[in-house]
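Below, each chain spelled out in residue letters.
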Amino acid sequence: MEAIGQFVELLKAVTVDCKDDGTAFVVSRRLEVIERLLDATPYRLVAREPLALLFAKKRLNKGDSVVLVSSHIDCVYDSCFCSDEGEFLRGTFDNSFGNAAVLWAMMRGELPDDVVVAFTGDEECDSRGAVQTVLSLGRLQCNVGFALVLEVTNVGWESEAHFALENDLGIDLRTAHSIVEAAEGSGAIYAFEHNAESDESWNYADYGIPSLTLSMPVCGNMHSDEGVLLRKKGIGSYCRALQLIVDAVV
């Protein structure tokens, strides 16, 4: 329970406004929080694009093979909040939950060295942040072997799933088997939706990168200022699934 409490505090910290105009960030509070939190970790900024910040533990060199974890930071809310309602959290979690989950893994040293984490903008419109991420890694001459997108979803809420796997795109059978083994290894209830709502996984797949979305089931309109409900009991399983799936695809 202590770890869940710490995660909730992290989630509250990143559930702040962040917006862009399709060209650059115009409200950057969440960016500032993320950079401050990562300052005390081994992660360093390896690329700063107008709509994407890329972090890695090591300097990227020509020919490096990397796994990309992508989490969009732009939001459409007039105001952001995160409140505790016992077994649930209520808040504007699209996509601060995904931000908090990957930050949690980064701050606890749970991701391999060859993972690049991208915090992207413009996902709610044209996903230019995801495109800039791909082009940036191309300029660094890195080979992106897999992209894992972090999101929230309504899929799996009714079945009380702890996480959902969505939009599996361009994944070979061997890797798919490893991902299923990782999901099963989490010991949690999970949902699967092959053709889910569009997200950045579609953009990465357009560039020939095998992609998958790991989503947190929530209840409600994800773009509403009233927020959505999120089950606390799923948080640990989601974070565990993130770690296991990344390990399976590196």
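Note that this is a predicted model, so its numbers are computed, not measured.

**Student:** Please give an account of the nonpolar core that cites residues and values.
**Tutor:** Among the nonpolar cores identified, the biggest contains 60 residues, and F97, M106, L111, F119, L148, L214 and I235 are the most heavily contacted of them. The element that contributes the greatest number of residues to this core is helix 7 (residues 235–249), accounting for nine residues. Apart from residues no more than four positions distant in its own chain, L148 is found in contact with L68, V69, S70, L212, L214, L242, I245 and V246. Listed in part, the 17 residues of the second largest apolar core include A47, L68, V134 and L137.

**Student:** Can you lay out the packing of aromatic side chains for me, pointing to particular residues and giving the numbers?
**Tutor:** In the structure shown here, the tally under the stated rule is six aromatic pairs. Here F88 and W157 contribute two aromatic rings whose centre-to-centre distance is 6.1 Å and whose plane-to-plane angle is 35 degrees, an arrangement assigned as tilted. Of this pair, F88 sits in strand 7 (residues 88–91) while W157 sits in the loop between strand 9 (143–153) and strand 10 (163–169), and the two are 69 residues apart along the sequence. With 5.0 Å between their ring centres and 75 degrees between their planes, F97 and Y238 make a pair best called edge-to-face. Linking F97 in helix 3 (residues 96–107) with Y238 in helix 7, this pair joins segments that are 141 residues apart in sequence. The two residues F97 and Y238 agree in class, both being buried. Here the aromatic cluster, defined as three or more aromatic residues joined through ring pairs, consists of F7, F97, W104 and Y238. Over the face of the ring belonging to W157 we find R231, whose NZ or CZ atom lies 3.7 Å from the ring centre.

**Student:** For helix 4 (residues 128–139), give the residues involved together with the corresponding values.
**Tutor:** Compared with an ideal rise of 1.5 Å per residue, which puts twelve residues at 16 Å, helix 4 spans 16 Å between its outermost C-alpha atoms and is within 8% of the ideal. The set of residues buried in helix 4 consists of G129, A130, Q132, T133, V134, S136 and L137. Phi for Q141, located one or two positions after helix 4, is positive at around 60 degrees.

**Student:** Which residues make up the side chain of H72, and what values go with them?
**Tutor:** Relative to the helices and strands, H72 is located in strand 5 (residues 65–72). By relative accessible area, which is 1% here, H72 ends up buried. Ignoring anything within four residues of it in the chain, the contact list for H72 reads D94, N95, N99, T120, E123, E124, E151 and E200.

About the cut-offs
Residues numbered from 1 in each chain as written. Predicted model: local features only at pLDDT ≥ 70, side-chain atom pairs only at ≥ 80, totals over all residues. Heavy atoms only, no water. Core = buried A, V, L, I, M, F, W, Y, C linked by side-chain atoms within 4.5 Å. Buried < 20%, exposed > 50% of the residue type's maximum accessible area, 1.4 Å probe, protein only. Helix = DSSP H or I, 4+ residues; strand = E, 2+ residues; numbered from the N terminus. Contact = heavy atoms within 4.5 Å. Phe/Tyr/Trp six-rings, centres within 6.5 Å; stacked < 30°, edge-to-face > 60°. Lys NZ or Arg CZ within 6 Å of the ring centre and 35° of its normal. Expected span 1.5 Å × (residues − 1).

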